[in-house]
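Chain by chain, the residues:
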Amino acid sequence: MEYDISHLDLLESEAVHIFREVAARFERAVLLFSGGKDSIVLVRLAQKAFRPGRLPFPLMHVDTGHNFPEVIAFRDRLVAQLGERLLIASVQDSIDRGRVVDETGSRASRNRLQSVTLLDAIAEHRFDAAFGGARRDEERARAKERIFSFRDDFGSWDPKNQRPEVWNLYNSRIRQGEHVRVFPISNWTELDVWQYIDREGLELPSIYFAHEREVFRRDGMLYATSDFVERLPDESSFREWVRYRTVGDMSCTGAVRSRATALADVVREIAATRITERGETRADDRASEAAMEDRKREGYF
């Protein structure tokens, strides 16, 4: 497929500049890596910023323990191929240490518990900057956020107290105990991400492409059957051709019906949709009108 290459080049150039800016200004950065499409793009952009040298920061996955097995297998394979360092911040460890309490019941999810695990890992490793793959087009709270998003010594985000960003100038000053979340692809759209994946020939976990899977319906979403989701008596499973637009905890991530088994077919589907991936397939964002903003205030990505 043919794309507006100059548009993708502009986005890539901005992201590479952001990576290098952080490397120059901060002492202990980390790249949050889930094995999902956005973090895969981040890794490629970081490679373009720093290769042929190694990345000047490790990768870190905040692992709920309830992830799609295909994504975890892909994550480990890619990191091995890259020869980079991967840190695992485990929600299960946080539960075992009494830092958080595991939810129970049919709508239980570990997604919100990730905030404490992430903040503990940032404090343990003394990270002063954490790259994330959030984009402004995903959700309203993320649309409010700056590329350099400052967090206080409690890890909190204040949407009404953000620093101005004029052109490509970023204020990186932080006090002891504070850190900054950095979003190099903040200005990208979901379609931009998929077109860049196509252009760069990036490999993705298989669940991003149409496959037949056992699912059940809940609240208008299709969930994969798993040991991590307790079904209600009236929630019967069935086989369906689906793919995932976003990956996360299996307890809150839904699939979409699709027959798009090739990258070009997925790109066409994304170009035609008018619903964001989080709006269509993430139950955690449907909890309330301000669900994402509330989580971000507590330290979420």
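Everything below is about the structure printed above this text.
Every value quoted in this text rests on a predicted model; they were computed, and no experiment measured them. The numbering scheme is per chain: residues are counted from 1 as the chain's sequence reads. The predicted nature of this model means local features are confined to residues of pLDDT at least 70 and side-chain atom pairs, given and counted, to a pLDDT of 80 or more, with totals for whole chains, interfaces and linings taken over all residues. Working from all heavy atoms in the structure, the side-chain values ignore hydrogens and water.

A. Focus on the overall build of the chain. Numbered from the N terminus, helices here are DSSP runs of H or I no shorter than four residues, and strands are runs of E no shorter than two. Within the chain, the secondary structure is distributed over ten helices and ten strands. As defined in this context, the radius of gyration uses C-alpha atoms, and a globule is described by 2.2 Å times the residue total to the power 0.38. A compact globule built from 301 residues would reach a C-alpha radius of gyration of about 19 Å, and the chain, at 19 Å, matches this within 12%. Seen along its three principal axes, the alpha-carbon backbone of the chain occupies a region of about 55 × 50 × 40 Å. In this scheme, a residue with accessible area under 20% of its type's maximum is buried, one over 50% is exposed, and one in between is partly exposed, where area comes from a 1.4 Å probe on protein chains only. Taken over 301 residues, the chain has a buried fraction of 55%. Considering only intrachain contacts with a sequence separation of at least 6, the fraction spanning at least 24 residues in the chain is 73%. Values of accessible area rely on a 1.4 Å probe in the Shrake-Rupley scheme; residue burial ignores everything except the protein chains shown. For the chain, the exposed area adds up to about 13900 Å²; of that, 48% sits on carbon and sulfur atoms. When charges are counted, neither His nor the chain ends are considered; positive counts come from Lys and Arg and negative counts from Asp and Glu. For charged residues, the charge sits on one atom: NZ in Lys, CZ in Arg, CG in Asp, CD in Glu. Averaging the positions of the 47 positive and the 52 negative side-chain charges in the chain gives two centres separated by 2 Å. What makes two residues a contact is simply this: any of their non-hydrogen atoms within 4.5 Å.

B. Representation of the sheet that holds strand β10 (residues 256–257) within the structure. Note on pairing: DSSP must find at least two bridges between two strands before they are called paired. Pairing in this open sheet of four strands is antiparallel, and the strands run β8-β7-β9-β10 from one edge to the other. This sheet does not close on itself; its edge strands, each paired only once, are β8 (221–224) and β10. With two bridges joining them, strand β9 (residues 238–243) and β10 adopt antiparallel strand pairing. Its bridge partner being in β10, R243 is matched across the sheet by V256.

C. Highlighting the packing of helix α2 (residues 37–50) against helix α7 (residues 190–200). Contact geometry of α2 with α7 gives a least axis separation of 10 Å together with a crossing angle of 55 degrees. With respect to α7, the axis of α2 lies oblique. As α2 packs across α7, the resulting crossing turns out to be left-handed. Where α2 abuts α7, its residues K37, D38, V41, R44, L45 and K48 lie against E190, V193, W194, Y196, I197, R199 and E200. In the contact of α2 with α7, the residues fall into six nonpolar, no polar and seven charged. To define axes, lines are fitted to C-alpha atoms, for helices over the stretch in contact only, and angles between the resulting N-to-C directions are given on a 0 to 180 degree scale. Angle categories: roughly parallel below 35 degrees, roughly antiparallel above 145, roughly perpendicular from 65 to 115, and oblique for all the rest. Each crossing gets its hand from how the near helix is turned against the far one by less than a right angle, where anticlockwise is left-handed and clockwise is right-handed. We call Asp, Glu, Lys and Arg charged. Ala, Val, Leu, Ile, Met, Phe, Trp, Tyr, Cys and Pro are nonpolar, and the rest, Gly among them, are polar.

D. Just the nonpolar core, in detail. Residues belong to a common nonpolar core when they are buried Ala, Val, Leu, Ile, Met, Phe, Trp, Tyr or Cys residues joined through side-chain atoms within 4.5 Å. Among the nonpolar cores identified, the biggest contains 59 residues, and F19, L31, V41, F57, F148 and W194 are the most heavily contacted of them. Sort the elements by how many residues they give to this core and α2 lands first, with eight residues. Discounting residues that sit within four places of it in the chain, F148 has contacts with I18, E21, V22, F26, E165, Y170, N171, S172, V180, R181 and V182.

E. Structural detail: the packing of aromatic side chains. Stacked, tilted and edge-to-face are the three classes assigned to paired rings of Phe, Tyr and Trp, where Trp is represented by its six-membered ring and a pair needs centres within 6.5 Å; plane angles under 30 degrees give stacked, over 60 edge-to-face, the rest tilted. The full count for this structure, using the stated rule, is eleven aromatic pairs. Measuring from centroid to centroid gives 6.3 Å for W194 and F209, while their planes differ by 80 degrees, and the two rings are edge-to-face. Taken as a pair, W194 in helix α7 and F209 in the loop between α7 and β7 (211–218) lie far apart in primary sequence, 15 residues in all. Neither W194 nor F209 differs from the other in exposure class; each is buried. Relative to Y223, the ring of F216 lies with its centre 5.6 Å away and its plane at 20 degrees, an arrangement referred to as stacked.

F. Local environment of the pairing of strand β3 (residues 86–90). Here strand β2 (residues 59–63) pairs with β3 via five bridges, running parallel. When the bridges of β3 are listed, H61 appears paired with I88. Crossover handedness is defined here as right-handed if the route from the first strand over the helix to the second strand goes clockwise, with the strands pointing away from the viewer. In the classification by handedness, the crossover that spans β2, the intervening helix α3 (residues 69–82) and the parallel β3 is right-handed.

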